[in-house]
Amino acid sequence: QAKQQGRSGYAFFSNEMREHAESRMRLLKDLRIAQQEQQFCLFYQPIVDLKTQKICKAEALIRWQHPQKGLIRPDSFIPLAEETQLINKMGEFIFTTACNTLTKVQATGKQLQLSINVSPVQFTSKICHLSKWYKQLQALDLQAQDIVIEITEGLVMNAQPRTQKRLNALTAQGFSLALDDFGTGYSSLAYLKQMDTDYIKIDKRFVDGIADSKDDLALCEAMIMMAHQLGILVIAEGIETYEQHQLLLSAGCDFGQGYYYAKPMPEDALLAFISDNEKLKS
Ligand code: C2E
Ligand code: MG
Ligand code: MG
Ligand code: MG
C-alpha cells in the first residue's frame with residue numbers, strides 16, 4: 001500500500017512537471033510561428049500632461065494576435081521570449097513599428113514622444129541590435145529625443161560593463177531614458193541621475209493606494225520631490241480615478257498614464273485620439 005502511494009505520488013509530480021515542460025514547448029513553438037507569421041502588433045497608451053490632460057507621449061505595448069486564443073498580453077510570453085533570445089528579434093520589430101507610427105503622427109503636424117520597453121536581455125545578449133537604431137532613426141528623419149527607452153531598475157543597479165556601454169551609447173545619441181516600475185526594486189536616485197535618466201515612472205502599486213493610504217501618498221510625494229531636485233521628470237502609471245489624478249497633480253507629478261485617461265489602443269485609434277484630444281482641450 002505504502003509503495004503504491006509512493007508510486008502514485010511520484011507519478012503525480014512527474015505528470016505536473018511534464019505538463020509544465022510540454023506547455024512551455026507548445027508556447028515556444030507558437031511564438032516561433034507567431035514571429036514568422038507576424039502575429040505581433042503594438043498597442044499605444046496615451047501619456048498626458050497632468051496640468052492640461054493633453055496627450056504628449058505614448059507608450060508602445062506589445063500584443064500577440066493569436067489565431068485561436070485572440071489578443072495575448074505580454075506578461076504571458078515576454079519571459080519565455082527572453083529566455084530563448086527570441087526577444088532580440090521581437091525588439092527589432094517593436095523599434096521599427098514604433099518609429100513608423102511616430103512618422104505617421106508627425107505627418108499630422110503633432111508632437112509626440114514615444115516610449116518603448118527594452119528588455120534587459122537586449123542589453124546583455126552577445127549580438128547587439130541597439131547600435132543600429134540611431135541610423136534607422138536618421139533614415140526616417142526622426143529625432144532620438146522623441147524615442148524614450150524604458151528600462152527597469154534592476155538593469156541599472158546590476159549593470160555589467162556591456163550593458164553600461166550600450167546604455168551610454170544610446171543616451172549619447174540623444175535617446176531619452178525612463179526608469180520603469182520605479183520604487184519596486186532597490187534604487188538610488190543619485191545613481192539614476194548619473195545614468196542620465198530623463199524620467200522615472202512611479203509604479204502602479206504605489207498609485208493604487210494614494211487615495212486611501214497616507215503612506216503611499218507620502219511615498220509618491222517623496223519620489224516626486226527627489227526626482228525633481230535631480231532634474232528628473234515624473235510619470236505616474238496606472239491612474240484609474242479622478243481622485244488619484246488630483247492627488248498626483250497636487251503632489252507636483254508631471255505626467256500621468258492610466259485607464260482614467262485612456263487604455264492601450266491600436267495605431268489608428270491613437271491617431272484619432274490625438275486629433276480629438278487636441279480639439280477637446282484647445
Ligand atoms: P509596463 O511597461 O510597466 O507597462 C504598463 C502596464 O500597465 C501595461 O500592461 C498597461 O496596459 C498597464 N496599465 C496601464 N494603465 C493601467 C491602469 O490604469 N490600470 C491597469 N490595471 N493597468 C494599466 P501590459 O501592456 O500588459 O504590459 C505589461 C508589461 O509587459 C509592461 O509593463 C512591460 O514590462 C512588458 N511589456 C509590454 N510591452 C513590451 C514590449 O514591447 N517589450 C518588452 N520588452 N516588454 C514589454
Ligand atoms: Mg513600460
Ligand atoms: Mg538624455
Ligand atoms: Mg511600469
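Up top is the structure.
Owing to the predicted nature of the structure, the values given are computational and were not obtained by experimental measurement. (Residues numbered from 1 in each chain as written. Chains lettered and ligands numbered in written order. Predicted model: local features only at pLDDT ≥ 70, side-chain atom pairs only at ≥ 80, totals over all residues. Heavy atoms only, no water.)

Undergrad: Can you help me understand the coordination of the magnesium ion (ligand 4) in this one?
TA: Expected angles at a metal are 109.5 degrees for tetrahedral coordination by four donors and either 90 or 180 degrees for octahedral coordination by six donors. Surrounding the magnesium ion (ligand 4) are the protein donor atoms Asp 180 (OD), Asp 181 (OD), Glu 237 (OE) and Glu 237 (OE), at 2.0 to 2.7 Å. Here the donor residues of the magnesium ion (ligand 4) are spaced in sequence according to D-D-x55-E. For the pair the magnesium ion (ligand 4) and the magnesium ion (ligand 2), the metal-to-metal distance amounts to 4.4 Å, and Asp 180 bridges them. You can see Asp 181 sitting in strand S6 (residues 176–182) and its partner Glu 237 sitting in the loop between strand S8 (233–236) and helix H11 (242–250), a full 56 residues away along the chain. (Donors = N, O, S within 2.8 Å, 3.2 Å for Na, K, Ca; no water. Helix = DSSP H or I, 4+ residues; strand = E, 2+ residues; numbered from the N terminus.)

Undergrad: Is there a simple way to explain the site of ligand 1 in this structure?
TA: Neighbouring ligand 1 are 23 residues; Arg 63, Arg 73, Asp 180, Glu 240 and Tyr 259 lie closest to it. The contact in question runs from a nitrogen atom of ligand 1 to an N or O atom on the backbone of Ile 62, over 3.1 Å. The fraction of the free accessible surface of ligand 1 (810 Å²) that becomes covered by protein chains is 86%. More than half of the atoms belonging to ligand 1 lie within 2 Å of the grid points that define the largest pocket. Those elements that provide at least two residues to the shell around ligand 1 are strand S2 (55–66) and S6. When residues of the shell around ligand 1 are assigned to their parent elements, the largest contribution, four residues, is made by S2. Classifying every residue of the shell around ligand 1 gives eight nonpolar, five polar and 10 charged. (Near = heavy atom within 4 Å. Polar contact = N/O pair within 3.5 Å; in protein donor to acceptor, adjacent residues only side chain to side chain. Areas by Shrake-Rupley, 256 points an atom, 1.4 Å probe, with all protein chains shown as cover. 1 Å grid on protein atoms, 1.4 Å probe; cavity = no way out; pocket = protein on both sides within 12 Å on 5 of 7 lines; lining within 4 Å. Sits in = over half its atoms within 2 Å of the grid points. Nonpolar A, V, L, I, M, F, W, Y, C, P; charged D, E, K, R; others polar.)

Undergrad: I'm lost on the side chain of Ser 125 in this one. Help?
TA: One can find Ser 125 in the loop between helix H4 (120–124) and helix H5 (133–140). Given a relative accessible area of 6%, Ser 125 falls into the buried group. In this structure the side chain of Ser 125 is engaged in a polar contact, spanning 3.3 Å, whose partner is the side chain of Asn 88. From its side chain, Ser 125 meets the backbone oxygen of Ile 127 in a polar contact 3.0 Å long. Sequence-distant contacts of Ser 125, defined by excluding residues within four places in its chain, comprise Gln 85, Asn 88, Arg 162 and Arg 166. (Buried < 20%, exposed > 50% of the residue type's maximum accessible area, 1.4 Å probe, protein only. Contact = heavy atoms within 4.5 Å.)

Undergrad: Please explain the layout of surface pockets as it appears in this structure.
TA: Where empty space is left becomes clear once a probe the size of a water molecule has been rolled over the atoms. Taken as a whole, the largest pocket encloses approximately 1100 Å³ of empty space. Residue lining of the largest pocket: 36 residues in total, with Glu 59, Leu 61, Pro 74, Asp 75 and Asn 117 positioned closest to the centre. Mapped onto the lining of the largest pocket, the elements with two or more residues apiece are strand S1 (40–49), S2, helix H2 (78–83), helix H3 (86–107), H4, strand S5 (147–152) and S6. At five residues, the largest contribution of residues to the lining of the largest pocket is made by S2. A breakdown of the residues in the lining of the largest pocket according to their chemical character gives 15 nonpolar, eight polar and 13 charged. (Points joined across faces, edges and corners; volume = space filled by probe spheres on them.)

Undergrad: Help me out: how do you make sense of helix H7 (residues 161–172) in this one?
TA: For an α-helix, 3.6 residues make a turn, and residues three or four places apart therefore share a direction. Its 12 residues place the ends of H7 16 Å apart at the C-alpha level, agreeing with the 16 Å of an ideal helix rising 1.5 Å per residue. Within the sequence span of H7, burial applies to Thr 163, Arg 166, Leu 167, Leu 170 and Thr 171. Projected onto a plane normal to the axis of H7, the buried residues spread over an arc of 130° and lie on a single side. In H7, the exposed positions that point more than 90 degrees away from the buried face belong to Pro 161, Lys 165 and Ala 172. Taken together, the buried residues of H7 touch H4, S5, helix H6 (153–157) and S6. (Expected span 1.5 Å × (residues − 1). Arc of directions from axis to C-beta.)

Undergrad: So what exactly am I meant to see when it comes to the packing of aromatic side chains here?
TA: Pairs of aromatic rings are described using the distance from one ring centre to the other and the angle between the two planes. Evaluation of the coordinates by the stated rule reveals seven aromatic pairs. With 5.5 Å between their ring centres and 85° between their planes, Trp 64 and Phe 77 make a pair best called edge-to-face. With Trp 64 in strand S2 and Phe 77 in the loop between strand S3 (70–72) and H2, the pair connects residues that are 13 residues apart, well separated along the chain. Pair check on accessibility: Trp 64 and Phe 77 agree, each one buried. Note on Tyr 199 and Phe 255: the rings are 6.1 Å apart at their centroids and 70° apart in plane angle, and the pair reads as edge-to-face. (Phe/Tyr/Trp six-rings, centres within 6.5 Å; stacked < 30°, edge-to-face > 60°.)

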